Amino acid sequence: MKSVTKPYRPISWPMKGAGGDTGSWRAHRPVIDNQICTKCQICWVYCPEAVIDRNEITIDYRYCKGCGVCAVECPTGAISMLKEEE
Amino acid sequence: MTTSIKQLPDIEQVLSGNGACGGCPATMALRIVGKALGTNAIMLLTPSCAVASMGMTPRLGYNWPCINICFATAGSSASGITHALEIMREKGRLQGELPTVFSWVGDGGTYDIGFQALSAAAERNDNIIHFCYNNEAYSNTGVQRSGATPRGAFTTTTPAGKRQTKKNMALLMLEHNIPYVATATVAYPGDLYDKVLKARNIPGMKYIEILAPCYLGWQFDMPETVRMSRMAVRSGAWLLWEGENGKISFNHPSSLIISGKKEAAPVDEYLIKQGRFNRLLKGPDAESRIAAIQGDINREIAFMRERAKITV
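What counts as what
Each chain has its residues counted from 1, running along the sequence as written. Written order determines the labels here, with chains lettered from A and ligands numbered from 1. Thresholds applied to this predicted model are a pLDDT of at least 70 for local features of residues and 80 or more for the giving and counting of side-chain atom pairs; totals over whole chains, interfaces and linings are not thresholded and use all residues. In this description a helix means any DSSP run of H or I spanning at least four residues, a strand means any run of E spanning at least two, and both kinds are numbered starting from the N terminus. When we talk radius of gyration, it's over C-alpha atoms, and the globule rule is simply 2.2 Å times the number of residues to the 0.38. Burial in this document is a count-based property: other C-beta atoms within 10 Å of a residue's C-beta are tallied, and the residue is buried at 20 or more, exposed at 12 or fewer, or partly exposed in between, with C-beta positions derived from the backbone. Throughout, a pair of residues is in contact if the C-beta atoms placed from their backbones lie within 7 Å. pLDDT is a residue-level measure of predictor confidence that goes from 0 to 100. Here, strands pair whenever DSSP counts at least two bridges between them. Under the scheme applied here, ten amino acids are nonpolar (Ala, Val, Leu, Ile, Met, Phe, Trp, Tyr, Cys and Pro), four are charged (Asp, Glu, Lys and Arg), and all others, including Gly, are polar. The nonpolar core is taken to be a set of buried Ala, Val, Leu, Ile, Met, Phe, Trp, Tyr and Cys residues joined by way of C-beta atoms within 7 Å.

### Focus: the overall build of chain B
Turning to step 1, where the next piece is worked out: A tally of regular secondary structure across chain B gives 13 helices and nine strands.
Turning to step 2, where the next piece is worked out: Computed over the C-alpha atoms, the radius of gyration of chain B is 19 Å, within 12% of the 20 Å expected from 2.2 N^0.38 for a compact globule of 312 residues.
Turning to step 3, where the next piece is worked out: A principal-axis box enclosing the C-alpha atoms of chain B has dimensions of 70 × 50 × 40 Å.
Turning to step 4, where the next piece is worked out: Taking all 312 residues of chain B together, the buried fraction comes to 51%.
Turning to step 5, where the next piece is worked out: Within chain B, residue pairs in contact and separated by at least 24 positions form 68% of the contacts whose partners lie at least 6 positions apart.

Quick look at the structure:
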């Protein structure tokens, strides 16, 4: 609905979720094992989607596309890719 | 000394939930570029995957003012904006530090279609940074051949493998006598961060080329993006170097290959992982074709080694 008081301007503003809730694209879900994780931040630096929290090493599943780069690059193997259930 | 991962700043300029494919090397590289450039910048985009990644209209996936421009005008548009900013400061409409003007362009907009405008901007030495994220094909339109596609690679317009070699665009830009040229790749984020930070503080035209292995165009498994980028550097198919005022210096680990301290890995493993070279490896003359690609790489390494000795 267009607002009557605010004129419509075709300008985009920086916001999360510009491509929608991209978590629904995911076929495999990365799961971090906090017992093995050494918090080296390699997953954080290579994540193309910026969904990994740098200090806590947690994943924002709302936007994670499940590419699996973090699981391949993790030096200790703390991230495993589990199949997404229906 | 390269910046380590833990020293990189927290700032995020690529926002979560953008429209890029999962495992996109372009957004991976743009995140690191964003950490170096900061918020005070203006981004120009020619038609490329990066424009599709911006997302849908009320929202924008990048935290910069973005301008979408014509395919051939990356150099000229950036020149116009940087000149306009300087005039605005002269007239007193802008205070403080001027924003960095940078264009984020694919290899089509740099090597082929945008080359004339880019060459002219380099010749004028305008104060811009031109980033080329090189995925070695026109991947946005469904993988067509570009000037950056290497010999033997399958694209939809070269179904039997490309017959010609790629051109050395970064060296071409160095020959324009611009103050700073660099090559980088996504597997070495600290190296890329340092180069962007250095380019930001140099006045004049800067050119940075980033190898971005696109899993759709190169036909490898999605999680292997960073690994493929690392293999390209270790096999010598991609050399990491920077040229400051015409003087070339190589970065780790390409410096080891150039100086002869370490042998470049054979190109076979790098080729086998990529589906785009499958046709080449299945035919009866597979060995001679691999030897041709290895020859291209060896020639490039030998040439760059000799070129780096010229410091005048």
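From this point on, the discussion continues.
### Comments concerning the confidence of the model for chain B
As a note on interpretation, predicted positions should not be read in detail where pLDDT is low.
Turning to step 1, where the next piece is worked out: On average, residues of chain B score 92 in pLDDT, and 100% of them reach the 70 mark or higher.
Turning to step 2, where the next piece is worked out: Our summary of model confidence lists the complex with pTM equal to 0.93 and ipTM equal to 0.90.

### Details of the pairing of strand β6 (residues 180–185) of chain B
Residue and element names in this part refer to chain B.
Turning to step 1, where the next piece is worked out: Judged by how many residues are buried, β6 sits mostly within the fold: six of six residues are covered.
Turning to step 2, where the next piece is worked out: Burial along β6 is two-sided: the residues Tyr-180, Ala-182 and Ala-184 and Val-181, Thr-183 and Thr-185 are all buried.
Turning to step 3, where the next piece is worked out: The pairing of β6 with strand β7 (residues 206–211) spans six bridges and is classified as parallel. By the bridge assignment for β7, Val-181 is matched with Tyr-207.
Turning to step 4, where the next piece is worked out: Across three bridges, the pairing between β6 and strand β8 (residues 241–244) is antiparallel. Paired with Ala-182 across the two strands is Glu-242, which belongs to β8.

### Quick look at unusual backbone geometry
Turning to step 1, where the next piece is worked out: Cis geometry is adopted by the peptide bond preceding Pro-253 of chain B, which originates at His-252 of chain B and carries an omega value of 0 degrees.
Turning to step 2, where the next piece is worked out: Here Pro-253 of chain B shows up in the loop between β9 (247–250) and α10 (254–259).
Turning to step 3, where the next piece is worked out: Phi is positive for Lys-39 of chain A, which is not a glycine, with a value near 55 degrees.
Turning to step 4, where the next piece is worked out: With respect to the element layout, Lys-39 of chain A can be found in the loop between β2 (28–32) and α1 (42–46).
Turning to step 5, where the next piece is worked out: In this structure, Ala-50 of chain A is a non-glycine residue whose phi angle is positive, near 55 degrees.
Turning to step 6, where the next piece is worked out: Looking at where Ala-50 of chain A falls in the secondary structure, it is placed in the loop between α1 and α2 (69–73).
Turning to step 7, where the next piece is worked out: For Ala-50 of chain A, a count of 22 C-beta atoms within 10 Å puts it in the buried group.

### A short note on the interface of chain A and chain B
Turning to step 1, where the next piece is worked out: Taken together, the contact pairs 31 residues of chain A with 35 residues of chain B.
Turning to step 2, where the next piece is worked out: Of all the secondary-structure elements, those providing two or more residues to the side of chain A that touches chain B are β1 (13–14), α1 and α2 of chain A.
Turning to step 3, where the next piece is worked out: The greatest single-element share of the side of chain A that touches chain B, amounting to four residues, is contributed by α2 of chain A.
Turning to step 4, where the next piece is worked out: Among the residues forming the side of chain A that touches chain B, the class breakdown is 17 nonpolar, seven polar and seven charged.

### Overview of the nonpolar core
Turning to step 1, where the next piece is worked out: Cys-47 of chain A together with Ala-26, Ala-29, Phe-131, Ile-208 and Ile-210 of chain B are the most contacted members of the largest nonpolar core, which totals 109 residues.
Turning to step 2, where the next piece is worked out: The element best represented in this core is helix α1 (residues 25–37) of chain B, accounting for eight residues.
Turning to step 3, where the next piece is worked out: Discounting chain neighbours no more than four positions away, the residues touching Cys-47 of chain A are Ile-52, Val-69 and Cys-70 of chain A.

### Some points on the pairing of β8 of chain B
All names here are of chain B.
Turning to step 1, where the next piece is worked out: Relative to β9, β8 runs antiparallel, the two sharing four bridges. When the sheet's bridge partners are listed, Gly-243 is paired in β9 with Ile-248.
Turning to step 2, where the next piece is worked out: Counted along the chain from β8 to the antiparallel partner β9, the turn is two residues long, and its residue Asn-245 has a positive phi close to 50 degrees.

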